[in-house]
Amino acid sequence: MHTLPNLGYEYNALEPYIDEQTMRIHHTKHHQTYVDKLNAALEKYPELQKKSAEELIKDLSKIPEDIQTAVRNHGGGHVNHSMFWKLLKKDVKISDEFLKIIEDNFGGFDKFKEMFSKSANSLFGSGWCWLVFDKEDKDESFKIMNAQNQDNPITQGMVPLLGIDLWEHAYYLKYQNRRAEYVTNFFNVINWQQVEENYREAIKT
Ligand code: MN3
């Protein structure tokens, strides 16, 4: 059985950038629903219940056809949100070492911020914008990519390092239609320590 992970901090910890009510509903209602629907989809398949949500979405073609869409959406939703909560923290400074890596790969930190924001703001409909590490591409291992719905870059063989939830449920209570403002403020709550940890983990294997 998959379960809702603890947030690890208070619902108001990201104020004023992400408000308490949004965090509470996002975690206890939206994320919980992905968990519940993933468990419901796996009911008929005891052998799949032992696998982690990451393992399930890594190769969707191995998932029985009748639950493939459910695993893609709700398994993806579970993975994405579990990652997302850990990526959020106020007042975390990027380390000099990791800053240098971002600068070298994007031509400066501001350039990275600009590219990431532009991509996030251009997503049509619901989905996520990701900074990923692509081991297969030696020339350009760092990439910024959008994904629709709850698709996670893991399914495409890439390692997500940082992601922003661009579903309206992630920002609408506070920002309404002003997604660009939410994206700008997101930069105040990025847990760079976690992003760097994700990177260190990605290059290990
Ligand atoms: Mn969400």
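Residues numbered from 1 in each chain as written. Predicted model: local features only at pLDDT ≥ 70, side-chain atom pairs only at ≥ 80, totals over all residues. Heavy atoms only, no water.

1. Considering the pairing of strand E1 (residues 127-133)
Rule in force here: Under the scheme applied here, a residue whose accessible area is under 20% of the maximum for its type counts as buried, over 50% as exposed, and between as partly exposed, the area being computed with a 1.4 Å probe on protein chains only. Every helix listed is a DSSP run of H or I at least four residues long, and every strand listed is a run of E at least two residues long, numbered separately from the N terminus. Think of it this way: DSSP has to see at least two bridges between two strands before they count as a pair.
Within E1, seven of the seven residues are buried, leaving the element largely enclosed by the surrounding structure. Burial along E1 is two-sided: Gly127, Cys129, Leu131 and Phe133 and Trp128, Trp130 and Val132, pointing in opposite directions, are all buried. In this structure, E1 lies alongside strand E2 (residues 142-148), joined through seven bridges in antiparallel fashion. When the sheet's bridge partners are listed, Gly127 is paired in E2 with Gln148. Pairing between E1 and strand E3 (residues 159-165): six bridges, direction antiparallel. Across the sheet, the residue bridging to Phe133 is Val159, located in E3.

2. Description of the coordination of the manganese ion
Spelled out, the test is: Here a donor is an N, O or S atom found within 2.8 Å of the metal, or within 3.2 Å if the metal is Na, K or Ca; sites may look incomplete because water is not among the atoms.
With distances of 2.0 to 2.1 Å, the protein atoms coordinating the manganese ion are His26 (NE2), His81 (NE2), Asp165 (OD) and His169 (NE2). What makes His26 buried here is its relative accessible area of 1%.

3. Thoughts on the side chain of Asn152
Put simply, the rule reads: Here a polar contact means two N or O atoms within 3.5 Å. Within protein one must be a hydrogen donor candidate and the other an acceptor candidate, and residues neighboring in sequence count only if both atoms are side-chain atoms. Two residues qualify as a contact provided that any one of their heavy atoms is within 4.5 Å of a heavy atom in the partner residue.
On the secondary structure map, Asn152 appears in the loop between E2 and E3. Overall, Asn152 belongs to the buried group, its relative accessible area being 3%. In terms of polar contacts, Asn152 uses its side chain to reach the backbone amide nitrogen of Ile154, at 2.8 Å. Not counting residues within four places of it along the chain, the set of residues in contact with Asn152 comprises Ile57, Val79, Asn80, Met83, Trp130 and Pro160.

4. A closer look at the domain arrangement of the protein
The line we're drawing: These domain boundaries are the output of an automatic or database domain assignment. Salt bridges are defined as contacts in which a side-chain nitrogen from Lys or Arg sits within 4 Å of a carboxyl oxygen from Asp or Glu. Residue classes follow a fixed rule: Ala, Val, Leu, Ile, Met, Phe, Trp, Tyr, Cys and Pro count as nonpolar, while Asp, Glu, Lys and Arg count as charged, and any other residue, Gly among them, counts as polar.
Segmenting the protein into domains produces domain 1 (20-86) and domain 2 (96-204). Between domain 1 and domain 2, the residue contacts involve 20 residues of the former and 20 residues of the latter. Scanning the region where domain 1 abuts domain 2 turns up one salt bridge. Across the pair Arg72 and Asp151 runs a salt bridge whose closest N-O atoms are separated by 2.8 Å. On inspection of domain 1 and its partner domain 2, the count reaches ten residue pairs in polar contact (both at pLDDT 80 or more). Elements with a minimum of two residues in the side of domain 1 that touches domain 2: helix H1 (20-42), helix H3 (53-58) and helix H4 (65-86). A total of ten residues in the side of domain 1 that touches domain 2 trace back to one element, the largest contributor, which is H4. Residue composition of the side of domain 1 that touches domain 2, grouped by class: seven nonpolar, nine polar and four charged.

5. Digging into unusual backbone geometry
The omega torsion across Glu15 and Pro16 is 0°, close enough to zero to call that bond cis. Looking at the secondary structure, you find Pro16 in the segment before H1. Backbone geometry places Asp91, a non-glycine residue, at a positive phi of 60°. Of note, the phi angle at Gln176 is positive, near 50°, even though the residue is not glycine. Here Gln176 falls in the partly exposed class, since its relative accessible area comes to 29%.

6. Describing the sheet that holds E1
Selection criterion: In this description, a line fitted to the C-alpha atoms serves as the axis of each element, helices being fitted only across the stretch in contact, and the angle between N-to-C directions of two axes falls anywhere from 0 to 180 degrees.
Judged by pairing direction, the sheet is antiparallel, and its three strands sit side by side in the order E2-E1-E3 without closing on themselves. Edge positions in the sheet fall to E2 and E3, since each has one partner strand and no second. On average, each strand axis in the sheet is tilted by 25° relative to the strand beside it, whichever way the strands run.

7. What about the pattern of salt bridges?
Scanning the entire structure with this criterion turns up twelve salt bridges. Glu97 serves as the salt-bridge partner of Arg200, at 3.5 Å between the closest nitrogen and oxygen. Here Glu97 lies in helix H5 (residues 96-106) and Arg200 lies in helix H9 (residues 192-204), a separation of 103 residues in the sequence.

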